[in-house]
Amino acid sequence: MIVVIKAGASPQQAQEVIDKIVAMGYSVNVSQGAERLIIGVLGVRDNKDVLAAQLGGFAGVERVMPISKSYKLVSREGAPTDTIVRINDKVEIGAGLVHVIAGPCTVEGSEMLIETAHWVKRCGATLLRGGAYKPSTSPYSFQGMGKEGLEILAEARAQTGLPIVTEVLDPRDVPLVERFADILQIGARNMQNFNLLKELAKTRKPVMLKRGLSATIEEWLLAAEYLYAGGNHDVILCERGIRTFETATRNTLDLNAVPLVKSLTHLPIVVDPSHGTGKWDLVTPMARAGVAAGADAIMIEVHPRPSDALKDGFESLTFDNFATLMDQVRPIARAVGRPVASDATLVIEA
Ligand code: PEP
Ligand code: MN
């Protein structure tokens, strides 16, 4: 059961509700987000209606909802409206426009990143991606530029006005990465790194949680619940392909997840067809499909010279191919009633 406290309620009014729940023998999870306080009531089995009516009578309570799912706060049952993640006054993910997040897999240097940032912005991207801390399957492959990479991302943001999405791999790096990032990415390999989730729950920056390589939808939403329950209500999901028996593509992009997740949770969802396919020539068709399926954003790897890329060149689009992707995605986004954000009134200024 979850209890949503009124926006204007005093701390004492919230405390009275908590005291009542505890006095009745239940435990509570208090999730204080940037905008609202939500109390999870744990262990309620019997007399749910009676308890809901009693708690609903408190002055500070906005509403009480019994939740049948294992994930509570992120469940669709828990919130009547979709979550909109606001990055700044121009970029809102989940508000009905399709955002395009684009950039290289990895920040490899200043020139390539700045060049890419200007190009993707010109084509209509509204956020810039790039990894400074990279999860690498092999210990011998490039691990990212670290802090220097973050500084380059910040310079690209200063020049283009594009907010930055970048991954944080290690709980110890959170204080540094959150200083630079506008959205903190949790990579697929870390979806169930519970210590990292708990650490990121404490930040006030939005978090984009990629689906684990073999994670079920329920496991993914429970990972999102860690963030939400810990106090971060700005959670964005990202479908990036799952591992199946199929080896012809790097992963199998699970587009079922898009409408399914929308029915199960109020959180926005991003589709990443770059990692979802692992093949540059499949990226544009699957980006089109992701938007048609209802994604709130797509995330695309773009590199000035994919054949020279230090990472994921095989799935990265050239500048020309990215321009083509944008041309093809725009009419589909309009057709499903969710135009590409840069086509709407929104203009990102440097
Ligand atoms: C990435 O976005 O560059 C990345 C490493 O993705 P994933 O965690 O989905 O493999
Ligand atoms: Mn990559």
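One numbering rule holds for all chains: residues counted from 1, following each sequence as written. The lettering of chains begins at A and the numbering of ligands begins at 1, in the order of writing. Two thresholds apply to this predicted model, a pLDDT of at least 70 for residue-level local features and 80 or more for giving and counting side-chain atom pairs, whereas whole-chain, interface and lining totals are computed over all residues. The basis for every side-chain value is the complete set of heavy atoms in the structure, and neither hydrogens nor water enter the calculation.

## Digging into the overall build of the protein
Just so we agree on the cut-off: Labels follow the DSSP assignment, with helices taken as runs of H or I lasting at least four residues and strands as runs of E lasting at least two, numbered in each case from the N terminus. The size measure is the radius of gyration over C-alpha atoms, and the globule rule it meets is 2.2 Å times the number of residues to the 0.38 power. Remark: exposure states derive from per-residue accessible area (1.4 Å probe, protein chains only) relative to the maximum for the residue type, with buried under 20%, exposed over 50%, and partly exposed in between. Any two residues whose heavy atoms approach within 4.5 Å at even a single point are treated as in contact. Each accessible area is a Shrake-Rupley estimate made with a 1.4 Å probe; only the visible protein chains count as cover when residues are assessed. The charge count includes Lys and Arg as positive and Asp and Glu as negative, but it does not include His or the ends of the chains. Lys charges are placed at NZ, Arg charges at CZ, Asp charges at CG and Glu charges at CD.
When helices and strands are tallied, the protein shows 11 helices and 14 strands. By the compact-globule yardstick of 20 Å for 350 residues, the protein fits well, its C-alpha radius of gyration being 21 Å. Along the first, second and third principal axes, the C-alpha atoms of the protein reach 65 × 45 × 40 Å. Looking at the 350 residues of the protein, the share that counts as buried comes to 55%. Considering only residue pairs separated by 6 or more positions, the protein has 69% of its internal contacts joining residues 24 or more positions apart. As displayed, the protein has an accessible area near 14,400 Å², and 51% of this comes from carbon and sulfur atoms. For the protein, the distance from the average site of its 37 positive side-chain charges to the average site of its 40 negative ones is 3 Å.

## Side note on the site of ligand 1
Stated precisely, the cut-off is as follows: What makes a residue near a molecule or strand is one non-hydrogen atom of that residue sitting within 4 Å of it. For the purposes of these results, a polar contact is taken to be a pair of N or O atoms within 3.5 Å, where, inside protein, one atom must be able to donate a hydrogen and its partner to accept one; residues adjacent in sequence count only when each atom of the pair is a side-chain atom. Under the scheme applied here, ten amino acids are nonpolar (Ala, Val, Leu, Ile, Met, Phe, Trp, Tyr, Cys and Pro), four are charged (Asp, Glu, Lys and Arg), and all others, including Gly, are polar.
Neighbouring ligand 1 are 13 residues, the closest being Arg129, Lys134, Ala188, Arg189 and Arg240. A distance of 2.8 Å separates an oxygen atom of ligand 1 from a polar atom in the side chain of Arg129. The separation between an oxygen atom of ligand 1 and a polar side-chain atom of Arg189 is 2.8 Å. Considered on its own, ligand 1 offers 300 Å² of accessible surface; in the complex 97% of this is hidden by protein. Here the residues of the shell around ligand 1 are counted per class, giving three nonpolar, three polar and seven charged.

## Topic: the sheet that holds strand β8 (residues 127-129)
Backbone hydrogen bonds hold the strands of a sheet together, and the pairing may be parallel or antiparallel. Put simply, the rule reads: Note: two strands are recorded as paired if DSSP finds a minimum of 2 bridges between them. Angular values range over 0 to 180 degrees, each being the angle between N-to-C directions of two axes fitted as lines to C-alpha atoms, with helices fitted over their stretch in contact.
With parallel pairing, eight strands are arranged side by side around a closed barrel as β7-β8-β9-β10-β11-β12-β13-β14. Neighbour-to-neighbour, the strand axes of the sheet open up by a mean angle of 25 degrees, direction not taken into account. Here strand β10 (residues 183-186) runs beside strand β11 (residues 207-210); their pairing, made up of three bridges, is parallel. Looking across to β11, one finds that Ile186 is bridged to Leu209. Against the sheet, helix α11 (residues 319-335) makes contact with β7 (99-103) and β14 (297-301), and its axis sits at roughly 160 degrees relative to β14, the strand it touches most.

## Some words on the domain arrangement of the protein
Selection rule: Note: domain ranges come from an automatic or database domain assignment. Buried area, as used here, totals the accessible surface that two parts lose on assembly, with accessibility defined by a 1.4 Å probe and the loss added over both. One speaks of a salt bridge when a side-chain nitrogen belonging to Lys or Arg is within 4 Å of a carboxyl oxygen belonging to Asp or Glu.
The assigned domain composition of the protein is domain 1 (2-66) and domain 2 (85-335). The centre of domain 1, based on its C-alpha atoms, is set 35 Å off from the matching centre of domain 2. Facing eight residues of domain 1, the contacting portion of domain 2 comprises five residues. Across the domain 1 to domain 2 interface the summed buried area is about 490 Å²; carbon plus sulfur atoms make up 47%. Across the domain 1-domain 2 interface, the total number found is zero salt bridges.

## Overview of the environment of Gly131
Note that Gly131 resides in the loop between β8 and α4 (147-160). Through-space distance from the C-alpha of Gly131 to that of Leu222 is 25 Å; in sequence the pair is 91 residues apart. Setting aside residues up to four positions removed in sequence, Gly131 forms contacts with Pro104, Cys105, Thr106, Val107 and Thr166.

## Examining helix α8 (residues 257-264)
This is how the line gets drawn: Starting at the helix axis, one direction is taken to each C-beta atom, and the arc is that of these directions.
Within the sequence span of α8, burial applies to Ala257, Val258, Val261 and Leu264. In an axial view of α8, the angular spread of the buried residues amounts to 135 degrees, which keeps them on one side of the axis. Those residues of α8 hidden inside the fold are in contact with α7 (217-229), β12 (235-239), β13 (269-271) and α10 (280-293).

## With respect to the environment of Leu113
Here Leu113 shows up in helix α3 (residues 110-123). Using a relative accessible area of 0% as the deciding quantity, one classes Leu113 as buried. The sequence separation of Leu113 and Ile152 amounts to 39 residues, and the corresponding C-alpha distance is 7.5 Å. Not counting the four nearest positions on each side in its chain, Leu113 is found in contact with Pro104, Val107, Leu128, Arg129, Ile152, Leu153 and Ala156.

## Description of the sheet that holds strand β4 (residues 61-65)
Taken in spatial order, the four strands line up as β2-β3-β1-β4 in an open sheet, and their pairing is antiparallel. The two strands at the open ends of the sheet, each matched to only one other strand, are β2 (27-32) and β4. Strand-to-strand twist of the sheet, defined as the mean angle between neighbouring strand axes without regard to direction, takes the value 20 degrees. Where β2 meets strand β3 (residues 37-42), six bridges bridge the pair, whose relative direction is antiparallel. Residue pairing in the sheet places Gln32 in a bridge with Leu37 of β3. Helix-sheet contacts for helix α1 (residues 11-23) involve β1 (2-5), β2, β3 and β4, and the interaxial angle to β3 is about 5 degrees. On top of the sheet, helix α2 (residues 48-56) reaches β1, β3 and β4; it is set at about 170 degrees to β4, its chief contact.

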